[in-house]
Amino acid sequence: MRYRQVTTGTLALGVLLLIDVLRVWLPGIITIFGQAASTPAELMGAFALGWFVLAMGAPAVVRRVGARPVTVVAAVVLALARLVLTTAPGGRTQLWLATVGLLAGLVWLVGVAADTDRPVPGLALGLAVDAALHAVLDTFDLVWRGDWVAWLLSFVAVALFLFGTIRPGSRAVAEASAFPADEPRAEMAGSGGRAGAGGVRAWLLAGPALLLAGMVALSPALARTGMSYLVAGDGVARSPLLGMAPVPVAVAGFLYTALTRPHERWGRAYGPAALLAGAVLFALHQGDLLLPAVLLAAVGLGACLSRTDDATHPNSGTADAAGTADAAGADGDDRRWAARRGYAVATGMLVFALGAVGYYSAYDLGYPNAAVPVLVAVLVAVVAFAARPVVHRLPGPFAPLRATAAVTALALLAPVFADDVPVASNREGPPKRLTVVAYNIRMGFGLDGRFDLAGLTDAVDRQRPDVVLLSEVDRAWLLNGGHDTLDLLADRLGMAYVFGPAADPVWGDAVLSRWPVTDLRTRALPAVGAPTGAQALAVTLDLGAGVRTAVVSTHLQPPPGQGPVVQARAVATFATEYAAGRPLVVAGDLNTEPGDEAFEQFTGAGLVDALAAARPLATSPADDPREQIDHVFVSPGLTATDPVAPRGTASDHLPVAVTLTLPPR
């Protein structure tokens, strides 16, 4: 049993390292290889898919060269790429390092599949541990941290992974040790360590499971975002207490159902049904449905994986090899089953790529994407439902209850270490002045493609803001690494947040405030052909002693080749009606320049350009600003001073800041 535990643990570690690489490589497609909304989405998609298509040739290489040398070489390359990425080099170097690591990880999976007919325990353990660690790290991965703790843990993971991969051993001895002393062992003893004829279905689901886990079932950022919607209601989200609390529940439900034998009567149906229900709830794009979507998808995905775990006693055959009891002793049959598993995992990872590209490219191309996670869930459900029940399934390398308890205990640390208490107010009021910062943060990624929390925090915090309005806020997109960028930034600034969804429930605009906020509202803006979607988020700052100021955060998304005139008019109307005579601030990335028709929608509504004294004040692109498309508008009673756009490259925009003197009471 000891060797089987090592091989299962090694597979889990490899999954962890591959996910780490993906969290760097996926954002690099749109921040380094291309630029979202400027580089054609078709070109970025072709770049992404090409590497997964190339990996389809790996089974042929394994068949010619042998599984072990291919697996070892690919594992070493994957490990080295993962370590070097901890330096977060940025730019093309980062992209190509991640690409090499990705391709090596795909080839490694194919090599492992050739020799492994029971991947479910390792795959499930890897996905569950990754979710638990991601939650404990507050969705800020080791690969981006770069401190000594990140290096130490990365070295430990890589060392254990390479040890488990390179360590010599006999699979025959390992598998034989799983049987009682009176069980026949002739077939295994004569197999020379070859894997059996199972595992094809399980390997096929590796890629779809990775996609659904990262998007829905095991996404700590999505779970916390779901909690934040429950706090606010009415389609708006705000800082929750114990936002990570659902993660241990999802991890426990997923891992236990994946490692235990399905119930004989209803086990065939409940996994597919729960997974499909979770995928449908997620696809509805409603914030208050995110939490049940996570929990249902986690349990359903684990149960579906368990249905494909067809490892059996050696004298009983397998579900995949019915009627081929002598296959284990035939070299030709062994090679065929190894090739089938290799092609299965390569195909499954191609499904991962197609699903990810198909889902997220919709925000550039404008077609409906809600069906993508549902279709992937249908694929998993059909494969699981069609799997034949295994009568004499072998016990796994780890006791399900103990393994689940251990990983869940790790996940339980997340609410302790990753959940800060939101700050409602830390100043005496009412103040005489407010400092306002508006910033398009590009999902947290700087011009060099690094996830730059430190740069974003510094750019905002050095202005000593009272209120911050953010655009392009990502809270859980797998394409961007699955971070909750809003919560991470709010924690570092010591400010509570309110979030308004635009493209979907986890991508939109936000307001961070040092003062209590009330009367939260969000208004969807006319799409007018823009695929991403836009909204206006309104809050009222309670400054004490009955003083109130209205704040509206927005990000206008003009249709291709046009200005955002219709959206600007809608925001100006909504904001002035919301303020109802109170002091008003409207700010964000408005994608219009002074003098444009869209710009004049705000001035025509009686608002004043708070940055006019510093004009020209170009804000985009950040490394060579030529356009002023980020603005702050205020009602006439507010006096604006000290407008600035401090230089930096933590985003592709510069932040704008201004100090506003409140009208006398």
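Predicted, not measured: the structure shown is a model, and the values here were computed from it.

For the rest of this paragraph, the subject is the packing of aromatic side chains. Overall, the coordinates contain 22 aromatic pairs when judged by the stated rule. When the ring centre of Phe385 is taken as reference, the NZ or CZ atom of Arg268 above it lies at 4.4 Å. Sitting above the plane of the Tyr578 ring, Arg582 keeps its charged end 5.3 Å from the centroid.

This part covers the environment of Ala502. Positionally, Ala502 belongs in strand S4 (residues 496-504). For Ala502, a relative accessible area of 21% puts it in the partly exposed group. Here the alpha-carbon distance between Ala502 and Leu106, two residues 396 residues apart in the chain, equals 34 Å. Here Ala502 is in contact with Trp507, Gly508, Thr532, Gly533, Ala534 and Gln535, once residues within four sequence places are set aside.

Another point: the side chain of Asp419. As for its position among the elements, Asp419 is in the loop between helix H21 (414-417) and strand S2 (433-440). A polar atom in the side chain of Asp419 sits 3.2 Å from the backbone nitrogen of Gly243. Residues contacting Asp419, with those up to four places away along its chain left out, are Arg224, Leu242, Gly243, Met244, Ala245 and Ala414.

Counting 155 residues, the largest nonpolar core has Trp25, Trp203, Phe254, Leu470 and Leu512 as its most contacted members. Among the elements that take part in this core, helix H1 (residues 2-33) stands out by supplying 16 residues, more than any other. Core analysis: the second largest hydrophobic core is formed by 32 residues, Ala438, Leu520, Val585 and Ala622 among them.

Okay, the pattern of salt bridges next. Tallied over the entire structure, the rule returns 18 salt bridges. Here Asp20 and Arg23 are joined by a salt bridge, their closest N and O atoms 4.0 Å apart. Note that Asp20 and Arg23 are positioned in helix H1 at a spacing of 3 residues, about one turn of the helix. One exposure class covers both Asp20 and Arg23, and it is buried. For Arg462, the salt bridge identified is with Asp458, shortest N-O distance 3.6 Å. One network of salt bridges, in which partners are shared, links Asp138, Arg224, Asp419, Arg475, Asp484 and Asp487.

So, about the environment of Gly105. Relative to the helices and strands, Gly105 is located in helix H5 (residues 91-115). Judged by its relative accessible area of 0%, Gly105 falls in the buried class. The spacing of Gly105 and Ala387 is 282 residues in sequence and 27 Å in space, taken between C-alpha atoms. Setting aside residues up to four positions removed in sequence, Gly105 forms contacts with Leu18 and Leu78.

Looking now at helix H2 (residues 41-54). Over its 14 residues, H2 extends 20 Å from the first C-alpha to the last, a length consistent with the 20 Å expected when each residue adds 1.5 Å. Taken together, the buried positions of H2 are occupied by Ala41, Met44, Gly45, Phe47, Ala48 and Phe52.

The next thing to look at is the confidence of the model for the chain. Averaged over all residues, the pLDDT of the chain is 89; the fraction at 70 or higher stands at 90%. Counted against residues more than four places away or in other chains, residues 170-193, with its pLDDT under 50, gives 38 contacts. Contacts for the low-pLDDT stretch residues 313-329, under 50 throughout, to residues beyond four places or in other chains number 40 contacts.

A word on the pairing of strand S13 (residues 656-661). S13 sits mainly inside the fold: 5 of its 6 residues count as buried. As paired elements, S2 and S13 share 6 bridges and run antiparallel to each other. Note on S13: the bridge partner recorded for Thr435 is Thr659. Looking at chain direction, strand S12 (residues 639-644) and S13 are connected through 4 bridges and run antiparallel. Note on S13: the bridge partner recorded for Thr641 is Thr659.

Conventions and cut-offs
In this numbering scheme, every chain counts its residues from 1 along its sequence in written order. Where totals are concerned, whole chains, interfaces and linings use all residues; where local detail is concerned, this predicted model gives features only for residues with pLDDT of at least 70, and gives and counts side-chain atom pairs only at 80 or more. Hydrogens and waters are ignored; side-chain quantities use all the structure's heavy atoms. Aromatic rings from Phe, Tyr and Trp, with only the six-membered ring used for Trp, were paired whenever their centres fell within 6.5 Å, and each pair was classed as stacked if the ring planes differed by under 30 degrees, edge-to-face if by over 60, and tilted otherwise. The rule for a charge over a ring is simple: NZ of Lys or CZ of Arg within 6 Å of the ring centre, and within 35 degrees of the ring normal. By the criteria applied, helices consist of DSSP H or I runs no shorter than four residues and strands consist of E runs no shorter than two, each listed in order from the N terminus. Throughout this description, buried means an accessible area under 20% of the type-specific maximum (1.4 Å probe, protein chains only), exposed means over 50%, and partly exposed covers the range between. Any pair of residues with heavy atoms lying within 4.5 Å of one another is described as a contacting pair. Polar contacts, as used here, are pairs of N or O atoms within 3.5 Å; protein pairs need one atom able to donate a hydrogen and one able to accept it. Residues neighboring in sequence count only if both atoms are side-chain atoms. What we call a nonpolar core is a set of buried Ala, Val, Leu, Ile, Met, Phe, Trp, Tyr and Cys residues that are connected through their side-chain atoms within 4.5 Å. A side-chain nitrogen of Lys or Arg and a carboxyl oxygen of Asp or Glu constitute a salt bridge if their distance falls within 4 Å. Multiplying one less than the number of residues by 1.5 Å gives the expected span of a helix. Each residue carries a pLDDT score, the predictor's own confidence in it, on a scale running from 0 to 100. At least two DSSP bridges between two strands are needed for those strands to be called paired.

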